[in-house]
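Structure assessment
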Amino acid sequence: MTEKPLFERLSKLGLTFLETSDEFDVNQTLAEVVKSRDSRLWEGFPVLLINAARDFGFKYERVLEYLDNKEQRKRFNSLLQVSLMLYDLNHLSFSWTKPLKERLSENERTDLKQLRKELASGNSFTLNGLEFHPLRLKNTFELYLEKDAEKSRQQKEKHEELSLEYALSQVFSPKQKELFKKRLEGLPLTKTEREYYSRTVKKKVVSLANAELHRLAQRLMSY
């Protein structure tokens with residue numbers, strides 16, 4: 001294969017072994033995880049599946065096309081079962097999980113109930129020949145949830161920072177914005193800066209701080 005090694009592509013799906021920015025076939029990558037017989041990758045499969053479905057176009061049928069035999073397809077379904085139950089235990093719901101659950105046979109649905117008990121109890125279990133350790137499964141998944149929450153927080157902060165910069169730029173000139181920030185941060189101003197701040201910038205600040213003006217602006221935004 002001329003593509004990046006499996007571990008490099010997996011980093012893009014949430015298991016950071018090596019960073020990569022190259023495009024790749026996500027369904028083929030998931031199939032390679034199924035074939036790998038690497039317990040670390042199987043324990044990370046629920047994370048890989050979330051990211052594959054959310055960002056990279058996961059298709060159940062496409063993964064099957066890359067699997068070579070019935071044994072591999074059964075293993076794939078087992079990994080899906082483990083993933084679905086882990087999501088349920090963490091009270092996570094996604095639009096793409098419902099079709100996956102509908103594909104399960106009656107026996108597999110029965111297995112799901114037992115699987116949930118095993119995951120909740122913390123006892124090691126085997127599903128279609130695959131051995132799983134609930135503690136490692138949960139730790140890997142919880143680490144992903146923590147990183148995902150931190151990423152969302154950083155994105156929100158960045159958005160708020162950019163929004164503030166944009167808003168300031170609509171009201172103040174670059175020099176006025178600089179003085180506004182220096183004053184806000186308690187940095188010393190030169191005599192000329194103080195005079196300019198009092199004569200020009202402070203008037204705008206007073207206007208922005210007016211509660212009635214703010215209320216009217218908010219009202220106009222709703223029209």
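Preceding block: the structure.
None of the values given here were measured: they were computed from a predicted structure. (Residues numbered from 1 in each chain as written. Predicted model: local features only at pLDDT ≥ 70, side-chain atom pairs only at ≥ 80, totals over all residues. Heavy atoms only, no water.)

1. Section: helix α11 (residues 191–208)
Heads up, the rule is: The helix and strand labels rest on DSSP assignments: H or I over at least four residues marks a helix, E over at least two residues marks a strand, and numbering proceeds from the N terminus. For a helix, the expected span equals 1.5 Å multiplied by the number of residues minus one. Fitting axes to the seven residues that end at a residue and to the seven that start at it, the angle between those axes gives the bend at that residue. For every residue, the accessible area (1.4 Å probe, protein chains only) is compared with the maximum for its type, and the residue is labelled buried under 20%, exposed over 50%, or partly exposed between those bounds. Here, residues are in contact when the closest pair of their heavy atoms is within 4.5 Å.
Under the 1.5 Å per step criterion, the end-to-end length of α11 is 24 Å for 18 residues, consistent within 8% with the ideal 26 Å. The axis of α11 is deflected most strongly, by about 45 degrees, at Tyr 197. Along α11, the residues that are buried comprise Glu 193, Tyr 197 and Val 201. In this structure, the buried side of α11 is in contact with α10 (174–184).

2. Concerning the nonpolar core
Applied cut-off: Take the buried Ala, Val, Leu, Ile, Met, Phe, Trp, Tyr and Cys residues and link them wherever side-chain atoms come within 4.5 Å; each set so joined is a nonpolar core.
In terms of nonpolar packing, the biggest core is built from 42 residues, with Leu 30, Phe 45, Leu 49, Phe 58, Phe 76 and Phe 132 touching the most fellow members. No other element matches the 8 residues that helix α6 (residues 70–89) contributes to this core. Residues within four places of Phe 76 in sequence aside, it is in contact with Val 34, Phe 45, Phe 58, Tyr 60, Val 63, Leu 64 and Leu 67. Counting 7 residues, the second largest nonpolar core, distinct from the first, contains Leu 179, Phe 180, Tyr 197 and Val 201.

3. Observations regarding unusual backbone geometry
Non-glycine residue His 91 carries a positive phi angle of around 55 degrees. Mapped onto the secondary structure, His 91 falls in the loop between α6 and α7 (97–103). The exposed category is assigned to His 91, whose relative accessible area is 72%.

4. Looking at the packing of aromatic side chains
Our working definition: The pairing test for Phe, Tyr and Trp rings, Trp by its six-membered ring, is centres within 6.5 Å, and the orientation test on the planes gives stacked under 30 degrees, edge-to-face over 60, and tilted for anything in between.
Counting across every chain of the model gives 7 aromatic pairs. Relative to Phe 76, the ring of Phe 45 has its centre 6.4 Å away and its plane inclined at 75 degrees; by these criteria the two rings are edge-to-face. With Phe 45 in helix α4 (residues 45–55) and Phe 76 in helix α6, this residue pair connects regions lying 31 residues apart in the sequence. With centroids separated by 5.9 Å and ring planes inclined at 85 degrees, the aromatic side chains of Tyr 87 and Trp 96 adopt a geometry described as edge-to-face. Trp 96 carries the same exposure label as Tyr 87, and that label is buried. Put simply, the rings of Tyr 87, Phe 94, Trp 96 and Phe 141 pair up and form one aromatic cluster.

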